[in-house]
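Architecture at a glance
Listed below are the residues making up each chain.
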Amino acid sequence: MKNLLIKTANWKFIIPAFLCCVYCIYEFQQAQAEMSQIAGTSVTTIDVMEDYTLKDVNDLFGKLKAEGRAIHRHNSLVPDMIFPVSYGILFTLICVWFLIKITHPKSNWLYLALVPVVLILLDFKENVNTINLLDSYPNLTAEMVNSASRITKIKTDLVGLTMLLPVILGLIWVVKWGVSKLGKSTL
């Protein structure tokens, strides 16, 4: 596993993962605009909400009408299944790159970079929940929605950690690099 992480933690893999993320974000924005146009007001998909209730989901799905729900379903089924893989790879490889610079290629600290894999799995589960909610509408239950909302909340919290991890590692690397440069200049 470490060898695979080391071999792929370079710009040949990071840039395509980044571009894939950008493309997915573009697709999300297009779908969001289409759904808002159908609803006649600005709407937010449930996977972007931090917390939602049965009423929230029923209101959203009602505003979206069948046409908007079809767009939401497609969005959850295609680009939002690609997006977790692309951002997961992106954040993992960036973290590995920094960890190699901070420690060494054989360090067990490289496994810290696998935190985004948990996020990928949670995001997949959230997407499946969203599709199930869309397919079950209008026969939704509070239990279904509450379960889906909990997964979304956990995913949202883990997104923050996953985005913070490369920033922290980057700062550690900059400090380490700066200290080594300072040490060399005083010799």
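Heads up: these notes are all about the structure in this document.

Calculation rules
Residues numbered from 1 in each chain as written. Predicted model: local features only at pLDDT ≥ 70, side-chain atom pairs only at ≥ 80, totals over all residues. Heavy atoms only, no water. Axes fitted to C-alpha atoms, helices over the stretch in contact; angles between N-to-C directions. Helix = DSSP H or I, 4+ residues; strand = E, 2+ residues; numbered from the N terminus. Parallel < 35°, antiparallel > 145°, perpendicular 65-115°, else oblique. Contact = heavy atoms within 4.5 Å. Nonpolar A, V, L, I, M, F, W, Y, C, P; charged D, E, K, R; others polar. Phe/Tyr/Trp six-rings, centres within 6.5 Å; stacked < 30°, edge-to-face > 60°. Buried < 20%, exposed > 50% of the residue type's maximum accessible area, 1.4 Å probe, protein only. Disulfide = S-S within 2.5 Å.

A look at the packing of helix 2 (residues 11-39) against helix 3 (residues 54-77)
- Look at helix 2 against helix 3: their axes get within 8 Å of each other, and the N-to-C directions meet at 170°. Between helix 2 and helix 3, the angle is such that the two are roughly antiparallel. Between helix 2 and helix 3, the residues in contact are E27, F28, A31, E34, M35, I38 and A39 and K63, L64, K65, E67, G68, I71, H72 and N75, respectively.
- For the contact of helix 2 with helix 3, the class distribution of residues is seven nonpolar, three polar and five charged.

Considerations on the packing of aromatic side chains
- Applying the stated rule across the entire model yields seven aromatic pairs.
- Taken together, a centroid distance of 4.9 Å and an interplanar angle of 70° make the contact between F83 and Y87 edge-to-face. In this pair, F83 and Y87 are both assigned in helix 4 (residues 79-102), four residues apart and thus about one turn of the helix distant. Across the pair, Y87 and F83 agree in class, each one buried.
- Pairing W97 with W173 gives two aromatic rings, centres 5.4 Å apart and planes at 65°, and the pair type is edge-to-face. Of the two residues, W97 is situated in helix 4 and W173 in helix 6 (residues 142-185); the sequence distance between them amounts to 76 residues.
- W173 gets classed as partly exposed once you look at its relative accessible area, which sits at 26%.
- Through a chain of ring-to-ring contacts, the aromatic side chains of W11, W97, F98 and W173 assemble into a single cluster.

Here's the deal with the side chain of S76
- Within the fold, S76 resides in helix 3.
- Non-local contacts of S76, meaning those with residues more than four positions away in its chain, are made with M81, N127, T130 and I131.

Regarding the state of the cysteines
- Enumeration according to the criterion identifies zero disulfides in this entry.
- Of the cysteine sulfurs around C24, a residue in no disulfide, the closest is that of C20, at 4.4 Å.

Treat this as a map of the structure, not an account of what it does.
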